[in-house]
Amino acid sequence: MSFETITLERIGDVARLSINRPDKRNAVNEQVHQEMRAAVAEVTSGSDRAKALILTGTGDRAFCSGQDLSARMPPESGPPTRDLGAGLELYYNALIRRLRQVEMPVITALNGVAAGAGVGVALAGDIILAARSAKIVVSFCRVGLIPDAGVTHHLPRLIGENRALALALTADPLDAETAEKWGLVWKVHDDDTLQDEAVALAAKLAKLSPRVVQRTRRAIRSAMSNDLDTQLALERDIQREVGFGNDYAEGVRAFLEKREPHFTGT
């Protein structure tokens, strides 16, 4: 497919999806949503589907500055009439759910500022890498809104309730190195090496068993809401399933033979 507001590249088994509106600091409008969902569908279907996905932005100023507010200006007088909840369900909620449900690992490469709903898009990734100059700004309260796009779900789980609330209420920028110390970002890289590092990590993850990646994500994401007994039972059930798989047999053989495994996803 051809796209106007994003770019989609294939680098071997890795797909890289970049929001491509640098003149708008990669702000999101309805077309971006439509094209991102189409791109995700393209790389997750068919026999040539990707095995890892990178989310990033074009340029060095912004990963995504959030919703393009110029696309939904309120009336000059009187209260707004647009149902923001309906728009969230149709666009952002659908996008975040889709990104969290794909079976491949998703890496966010923060090439610049992530603000507003752009923070939600960034946090949808499994692993976040950041350029040294990147910043995270939870800016919703500045425009009279609460954080959305999954921010209120993901952010407290990653950095704790107090820090999440402070970021939301102050809208103070969080620099990349502090985000790394807090556990929000996996690693910080120099700006000019970020994309290469993201591709290298994605290529490494693409070699893993797709079944095991999907089930590992499921198990870890369940841990915050499960008690110990429920989580132990989940681990037991998933391990029983993958333990009968060809990928487990291949992994053991490769380990004993001191070679790289070749997983098939079975």
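Numbering of residues begins from 1 in every chain and follows the order in which that chain's sequence is written. The predicted nature of this model means local features are confined to residues of pLDDT at least 70 and side-chain atom pairs, given and counted, to a pLDDT of 80 or more, with totals for whole chains, interfaces and linings taken over all residues. As a rule here, side-chain values come from all non-hydrogen atoms in the structure, and water together with hydrogens is ignored.

Asker: Explain the environment of Asn-29 to me, using residue names and the numbers behind them.
Answerer: By the secondary structure assignment, Asn-29 is in the loop between strand E2 (14–19) and helix H1 (30–43). For the pair formed by Asn-29 and Arg-72, sequence separation is 43 residues and the distance between their alpha carbons is 9.1 Å. The residues contacting Asn-29, other than those within four sequence positions of it, are Arg-21, Asp-68 and Ala-71. By definition, any uninterrupted DSSP run of H or I lasting at least four residues is a helix, any uninterrupted run of E lasting at least two residues is a strand, and each is numbered from the N terminus. The contact rule is simple, with two residues in contact once any of their heavy atoms fall within 4.5 Å.

Asker: So what's going on with the packing of H1 against helix H2 (residues 84–101)? Residues and values would help.
Answerer: Axis angles are defined between N-to-C directions and span 0 to 180 degrees, where every axis is a line fitted to C-alpha atoms and, for a helix, only to the segment in contact. Across the interface, H1 lies against H2 with an axial gap of 10 Å and an inter-helix angle of 25°. For the element pair H1 / H2, the angle class is roughly parallel. In the crossing of H1 with H2, the sense of the turn from one axis to the other is left-handed. Of the residues in H2, those in contact with Glu-30, His-33, Gln-34, Met-36, Arg-37 and Val-40 of H1 are Leu-90, Tyr-91, Tyr-92, Ala-94, Leu-95, Arg-98 and Leu-99. Each residue is assigned to one class: nonpolar for Ala, Val, Leu, Ile, Met, Phe, Trp, Tyr, Cys and Pro, charged for Asp, Glu, Lys and Arg, and polar for all the others, Gly among them. A per-class count over the contact of H1 with H2 returns eight nonpolar, two polar and three charged. Relative orientations are named as follows: roughly parallel for angles under 35 degrees, roughly antiparallel for angles over 145 degrees, roughly perpendicular for angles from 65 to 115 degrees, and oblique for any other angle. Handedness of a crossing is defined here by the sense of rotation of the near helix relative to the far one, left-handed for an anticlockwise turn of less than a right angle and right-handed for a clockwise turn.

Asker: Would you mind going over the packing of helix H4 (residues 151–159) against helix H5 (residues 161–170) in detail, with residue names and values included?
Answerer: H5 packs onto H4 with a crossing angle of 130° between their chain directions and a minimal axis gap of 7 Å. As far as their axial angle goes, H5 and H4 are oblique. Our pair here, H4 against H5, has a crossing hand that is right-handed. Only Glu-161, Arg-163, Ala-164 and Leu-167 of H5 make contact with H4, whose side of the interface consists of Leu-155, Pro-156 and Ile-159. Residue classes in the contact of H4 with H5 are distributed as five nonpolar, no polar and two charged.

Asker: How would you explain the sheet that holds strand E9 (residues 174–175) if you had to name every residue and give the values?
Answerer: The sheet built from four strands is open, its strands ordered E4-E6-E8-E9 with mixed pairing. The strands lining the two open edges of the sheet, one partner per strand, are strand E4 (62–64) and E9. At least two DSSP bridges between two strands are needed for those strands to be called paired. As paired elements, strand E8 (residues 135–137) and E9 share two bridges and run antiparallel to each other. Note on E9: the bridge partner recorded for Lys-135 is Asp-175.

Asker: A description of the sheet that holds E2 should follow, citing residues and the corresponding values.
Answerer: Reading across the sheet, the six strands line up as E1-E2-E3-E5-E7-E10 and stay open at both edges, with mixed pairing between neighbours. If you trace the sheet from one side to the other, it starts and ends with strand E1 (6–11) and strand E10 (187–189), each paired once. Taken pair by pair, the neighbouring strands of this sheet meet at an average axis angle of 20°, ignoring direction. Sheet topology places strand E3 (residues 52–57) next to strand E5 (residues 106–110); three bridges connect them, and they run parallel. Residue Leu-55 lies in a different strand from E5, and its bridge partner there is Thr-108.

Asker: I'd like to hear about the pairing of strand E7 (residues 127–131), residue by residue, with values.
Answerer: A 1.4 Å probe rolled over the protein chains alone gives each residue an accessible area, and that area as a share of the maximum for its type sets the label: buried under 20%, exposed over 50%, partly exposed in between. In terms of burial, E7 is largely enclosed, as four of its five residues are buried. As paired strands, E5 and E7 are joined by four bridges and run parallel to one another. Bridge pairing in E7 links Leu-110 to Ala-130. Here E7 pairs with E10 via three bridges, running parallel. What sits directly across from Leu-129, in E10, is Lys-187.

Asker: Any details on a negative patch on the surface? Residues and values, ideally.
Answerer: Together, Asp-60, Asp-191, Asp-192, Asp-196 and Glu-197 line one region of the surface with negative charge. Relative to the helices and strands, Asp-191 is located in the loop between E10 and helix H7 (194–206). Looking at Asp-191, the relative accessible area reads 41%, which means it is partly exposed. Like-charged residues are merged into a patch within 9 Å and nonpolar side chains (Val, Leu, Ile, Met, Phe, Trp, Tyr) within 5 Å, provided each residue has over 30% relative accessible area and no salt bridge. What sets the accessible areas is the Shrake-Rupley method with a 1.4 Å probe; for residues, cover comes only from the shown protein chains. In what follows, salt bridge is the name for a side-chain nitrogen of Lys or Arg lying within 4 Å of a carboxyl oxygen of Asp or Glu. For the purpose of charge, His is not counted, nor are the chain termini; Lys and Arg are scored as positive and Asp and Glu as negative. To locate a charge, take atom NZ for lysine, CZ for arginine, CG for aspartate or CD for glutamate.

Asker: Please provide a residue-by-residue account of the pattern of salt bridges, values included.
Answerer: Using the criterion set out here, one finds 15 salt bridges in the structure. Between Asp-237 and Arg-240 there is a salt bridge, with the nearest N and O atoms lying 3.5 Å from each other. Residue Asp-237 and its partner Arg-240 are located together in helix H9 (residues 228–243), separated by three residues, close to a single helical turn. Looking at Asp-237, the relative accessible area reads 37%, which means it is partly exposed. Between Arg-259 and Glu-250 there is a salt bridge, and its shortest N-O distance comes to 2.7 Å. Exposure remark for Arg-259: the relative accessible area of 32% places this residue in the partly exposed category. Taken together, the shared-partner salt bridges in this structure form one network comprising Glu-250, Arg-253, Glu-257 and Arg-259.

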